[in-house]
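# Structure at a glance
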Amino acid sequence: MDAHTGHRRAVRLLVRRAILRHRGRRRDRHSHPSTSIRHNRLARFVANGLDLAAGTGWKADTNFNVRFQDVPLTNRRPDVVVYRADTIDIAPTRPEHVLLVVEVVSPGSETTDRIVKLDQYAKAGIAFYWRVEQAATGIPLVYTYVLDPASGSYRDGEVFTENIKASVPFHVEIDLSTL
């Protein structure tokens, strides 16, 4: 077994464990703690920056579901979604409409955002995934991932602190120090 195969097995095992832990929780929406004001502000701030930079072909928004499958019904509600502008009135939004998803990690969502969603979004074919970690310094860290079509999994992209200066999926600059 080569190192790559061993790593993939370890990731699959972590994903399975996280899914089993998640299934054991209550399914009702009100059993999960709500996100913090800082979390919501950060998501909106990133969405606004992406929306301005995206041009006419793409839109960035918060607070709506992406439908992964109809039966059994499987939705995710990423913190930020960059989607094709021509699909704004199509419901539900499907992964093929989506270019980039952003998750802002909160206490209690670490495993889901770092492992489970990373795997789910890649399997759905979403080209880019950004994970925003709220650092103790108050300035977030942004980890970017790019889908490798050959393997169907994400490879590590750039990591940003204070200023996002990304060239993919489009040129965008967001100054996180002004939050």
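Here the structure is a predicted model, which means the values were calculated and not measured. (Residues numbered from 1 in each chain as written. Predicted model: local features only at pLDDT ≥ 70, side-chain atom pairs only at ≥ 80, totals over all residues. Heavy atoms only, no water.)

Across its full length, the protein chain holds three helices and 10 strands. In the protein chain, the order of α-helices and β-strands from amino to carboxyl end is α-α-β-β-β-β-β-α-β-β-β-β-β. When each of the 179 residues of the protein chain is scored for burial, the buried share is 35%. Long-range pairs, those at least 24 residues apart, make up 50% of the contacts in the protein chain with a sequence separation of at least 6. Accessible surface computed for the protein chain: about 10700 Å², of which carbon and sulfur atoms make up 51%. (Helix = DSSP H or I, 4+ residues; strand = E, 2+ residues; numbered from the N terminus. Buried < 20%, exposed > 50% of the residue type's maximum accessible area, 1.4 Å probe, protein only. Contact = heavy atoms within 4.5 Å. Areas by Shrake-Rupley, 256 points an atom, 1.4 Å probe, with all protein chains shown as cover.)

Right, let's talk about the pattern of salt bridges for a bit. In this structure the tally under the stated criterion is eight salt bridges. Of the charged contacts in the structure, one is a salt bridge between R94 and D70, with a shortest N-O distance of 3.1 Å. Within this pair, whereas R94 is found in the loop between β4 (80–84) and β5 (98–104), its partner D70 is found in the loop between β2 (66–69) and β3 (74–76), the two being separated by 24 residues in sequence. One salt bridge connects E133 with R114, and the closest N-O pair in it is separated by 2.9 Å. (Salt bridge = Lys/Arg side-chain N within 4 Å of Asp/Glu carboxyl O.)

Attention now goes to the sheet that holds strand β8 (residues 153–161). Pairing is mixed across the open sheet formed by six strands, whose spatial order is β1-β4-β5-β6-β7-β8. Edge strands, defined here as strands with exactly one partner in the open sheet, are β1 (58–61) and β8. Within the sheet, the average angular offset between the axes of one strand and its neighbour, ignoring direction, is 15°. With seven bridges joining them, strand β7 (residues 141–148) and β8 adopt antiparallel strand pairing. Within β8, the position partnered with L147 by the bridge is Y154. The sheet contacts of helix α2 (residues 37–53) involve β1, β4, β5 and β6 (128–133), and relative to β5 the element is tilted by about 155°. Its contacts with the sheet put helix α3 (residues 110–123) on β5, β6, β7 and β8, and the angle it makes with β6 is roughly 165°. (Pairing = 2+ DSSP bridges. Axes fitted to C-alpha atoms, helices over the stretch in contact; angles between N-to-C directions.)

With an omega dihedral of -10°, the bond running from V71 to P72 counts as a cis peptide bond. Looking at the element boundaries, P72 is found in the loop between β2 and β3. Each neighbour pair has its own omega, and for V168 with P169 the value is 10°, a cis peptide bond. Of note, P169 is situated in the loop between β9 (163–166) and β10 (172–175). Of note in the backbone geometry, N63 takes a positive phi value of approximately 65° without being a glycine. Within the secondary structure layout, N63 lies in the loop between β1 and β2. Judged by relative accessible area, which is 57%, N63 ranks as exposed. The phi angle at E162 is positive, at roughly 65°, despite the residue not being glycine.

What follows is about the nonpolar core. Of all hydrophobic cores here, the largest spans 25 residues; its most connected members are L50, V102, W130, I164 and V172. Elements with a contribution of two residues or more to this core: α2, β4, β5, β6, β7, β9 and β10. At five residues, α2 tops the list of elements feeding residues into this core. With sequence-adjacent residues up to four places away left out, V172 is seen in contact with G49, L50, A53, W130, I164, K165 and A166. Within the second largest apolar cluster, 13 residues are counted, among which are Y83, A122, Y145 and Y154. (Core = buried A, V, L, I, M, F, W, Y, C linked by side-chain atoms within 4.5 Å.)

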